[in-house]
Amino acid sequence: MTAQAGGIRMKLDQPLIVDEALKLLNEVGIDALSTRLLAQRLKVQQPALYWHFRNKRALLDAMNEEILRRGHRHRTPRPGEAWQDFVRKNARSFRGALIAYRDGARVHAGTEADPEELGHFERLLEFLSGEGLSAIAAMELLMTIGRYTVGCVMEEQAEYPTGPGRGEALDAEAQDYPLLRQALVHYRAGGHEALFESGLALLIAGAEARIVAER
């Protein structure tokens, strides 16, 4: 079976479907993304997609895998890399992959690890265990930072009114609260990325304290 994408007729297969689905995601967002729209884009009948993906969730899972394949570059520790540096760079890489696509965090939310990736996660636990964390503590750290990252990106990608005047009413009311005013000024100056980095630093510091406490 063939599809037409960009004016070129191509064999309909999973990589083509996922690639076009990601382009459509950037155009319409996850709520409007549907197999009907995707079939129209590919110029095929909607049932043709079900040969490859049984439902939208299966399609989203494949899209998530491709998003991570394209953008998540720091997935394993480099030789001699401190565990803190790896965890920090891994989280930044994960965030960058999700934020590269509209609603990338929502595509990822609810997915499970590919069974073929279990060996990869076993090696990560071995690495962190060698640095003083138990396997359970290491798993909790990775999952906590992963969910923290998804949540931060989801907030960043949420639709809300922007433009001149955004936040001015809140900032004006905060003038009567000196500590809150100071904190808001700092937040406004740094934005989403700085807030992500500060939270990440707190999580890493917590893991460092746990290592010391468990020795």
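All of the points below concern the structure found in this document. (Residues numbered from 1 in each chain as written. Predicted model: local features only at pLDDT ≥ 70, side-chain atom pairs only at ≥ 80, totals over all residues. Heavy atoms only, no water.)

### Some words on the packing of aromatic side chains
By the definition in use, this model includes 2 aromatic pairs. Taking the centre distance of 5.8 Å and the plane angle of 85° together, the rings of Phe-86 and Phe-127 count as edge-to-face. With Phe-86 in helix H4 (residues 83–99) and Phe-127 in helix H6 (residues 118–129), this residue pair connects regions lying 41 residues apart in the sequence. By the burial criterion, Phe-86 is buried, and Phe-127 matches it. With centroids separated by 5.5 Å and ring planes inclined at 15°, the aromatic side chains of Tyr-148 and Phe-196 adopt a geometry described as stacked. Of the two residues, Tyr-148 is situated in helix H7 (residues 135–157) and Phe-196 in helix H9 (residues 178–214); the sequence distance between them amounts to 48 residues. (Phe/Tyr/Trp six-rings, centres within 6.5 Å; stacked < 30°, edge-to-face > 60°. Helix = DSSP H or I, 4+ residues; strand = E, 2+ residues; numbered from the N terminus. Buried < 20%, exposed > 50% of the residue type's maximum accessible area, 1.4 Å probe, protein only.)

### A look at empty space enclosed by the protein
Applying the stated criterion across every chain yields a total of 1 cavity of 30 Å³ or more. Lining the largest cavity are Ile-17, Thr-35, Leu-38, Leu-49, Phe-53, Asn-55 and Leu-59. In terms of residue class, the lining of the largest cavity is built from 5 nonpolar, 2 polar and no charged. (1 Å grid on protein atoms, 1.4 Å probe; cavity = no way out; pocket = protein on both sides within 12 Å on 5 of 7 lines; lining within 4 Å. Points joined across faces, edges and corners; volume = space filled by probe spheres on them. Nonpolar A, V, L, I, M, F, W, Y, C, P; charged D, E, K, R; others polar.)

### Digging into the layout of surface pockets
Approximately 1400 Å³ is the volume found for the largest pocket. If you go around the largest pocket, you meet 42 residues; those closest to its centre are Leu-68, His-108, Glu-112, Ala-113 and Phe-121. Residue assignment for the lining of the largest pocket shows that the elements contributing at least two residues are helix H1 (14–28), helix H3 (56–71), H4, H6 and H7. Looking at the lining of the largest pocket, the element that brings in the most residues is H7, giving 8 residues. Here the lining of the largest pocket is built from residues that sort into 21 nonpolar, 10 polar and 11 charged.

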